[in-house]
Amino acid sequence: MPPEPANNPDPRRFEVSKATLWFDRFMGWAIRFGGIGVIIAVFGIFWFIGKEVIPLFKPGAVVKAASVTSGTTPVILGVDEWGGSSLSKGESLKDTAQTLQAMGADAVVIRHSASGAAQRL
């Protein structure tokens, strides 16, 4: 017959190293800060939704067109929607420069494989 276990547990069984205690303390603070961060994020989401949705319930305002215009010429950006360059369509760099000049472009952004193409344009 095996011996009966003692009713008193071994006290060394409950000893915890200092490293474990420091790690537990650190993780406790990390969890607290994480929880506070989540609460702040939820309030931020509510603020953003309120800022974007509440104006939808306000009545519209009618403003004269003259008060809306800025008085300057509009800036126009052109994007090649077809994905090909003017060179692949058969235009030369000179043709592209003449087209841009006819459009009255103030500034041009160019990416060309030939060195010095921007100076020639």
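A. Quick peek at the overall build of the protein chain. Within the protein chain, the regular secondary structure consists of 4 helices and 0 strands. Each helix (α) and strand (β) of the protein chain, taken in turn from the N terminus, gives the series α-α-α-α. Roughly 11,900 Å² of accessible area belongs to the protein chain as shown, and the carbon and sulfur atoms make up 64% of that amount.

B. Structural context of the packing of aromatic side chains. The final tally for this structure, using the stated rule, is 1 aromatic pair. Here R25 stacks its cationic end above the ring of W22, 5.0 Å away from the centre of that ring. Taking the ring centre of W29 as reference, the NZ or CZ of R32 above it sits at 4.9 Å.

C. Up close: the confidence of the model for the protein chain. Averaged over the protein chain, the pLDDT score is 79; the fraction of residues at 70 or greater is 75%. Helix α2 (residues 65-68) is the least confidently modelled element of the protein chain, averaging 68 in pLDDT, while helix α1 (residues 18-53) averages 94, the highest of any element.

D. Expanded view of a nonpolar patch on the surface. Taken together, the side chains of I45, W47, F48, I49, V53, L56 and F57 present a nonpolar region at the surface, about 820 Å² in accessible area. With respect to the helices, strands and loops of the structure, W47 is situated in helix α1.

E. Structural detail: the pattern of salt bridges. A complete count under the given rule lists 1 salt bridge for this structure. Ionic pairing is found between E52 and K51, a salt bridge with its closest N-O pair at 3.8 Å. Taking the relative accessible area as the measure of exposure, E52 reaches 40% and is therefore partly exposed.

So, how was this worked out
Per chain, residues are indexed from 1 in the order of the written sequence. Restriction of local features to residues with pLDDT of at least 70 applies here, the model being predicted, together with a cutoff of 80 or more for giving and counting side-chain atom pairs; totals for whole chains, interfaces and linings are based on all residues. Values shown for side chains rest on all heavy atoms present in the structure; no hydrogens or waters enter the calculation. A run of H or I in DSSP counts as a helix once it spans at least four residues, and a run of E counts as a strand once it spans at least two, with each numbered from the N terminus. Using the Shrake-Rupley algorithm and a 1.4 Å probe, accessible areas are obtained, with residue cover drawn only from the displayed protein chains. Two rings belonging to Phe, Tyr or Trp (six-membered ring only in the last case) form a pair when the distance between their centres is within 6.5 Å. Interplanar angles under 30 degrees mark stacking, angles over 60 mark edge-to-face geometry, and anything in between is tilted. Definition used: whenever NZ (Lys) or CZ (Arg) falls within 6 Å of the ring centre and also within 35 degrees of the ring normal, the charge is taken to sit over that ring. In predicted models, pLDDT denotes the confidence assigned by the predictor to each residue on a 0 to 100 scale. Here, patches come from residues exposed beyond 30% relative accessible area and free of salt bridges, joined within 9 Å for like charges and within 5 Å for nonpolar side chains (Val, Leu, Ile, Met, Phe, Trp, Tyr). Think of a salt bridge as a Lys or Arg side-chain nitrogen and an Asp or Glu carboxyl oxygen that are within 4 Å of each other. Burial classes follow relative accessibility: with a 1.4 Å probe on protein chains only, a residue under 20% of its type's maximum area counts as buried, one over 50% as exposed, and anything between as partly exposed.

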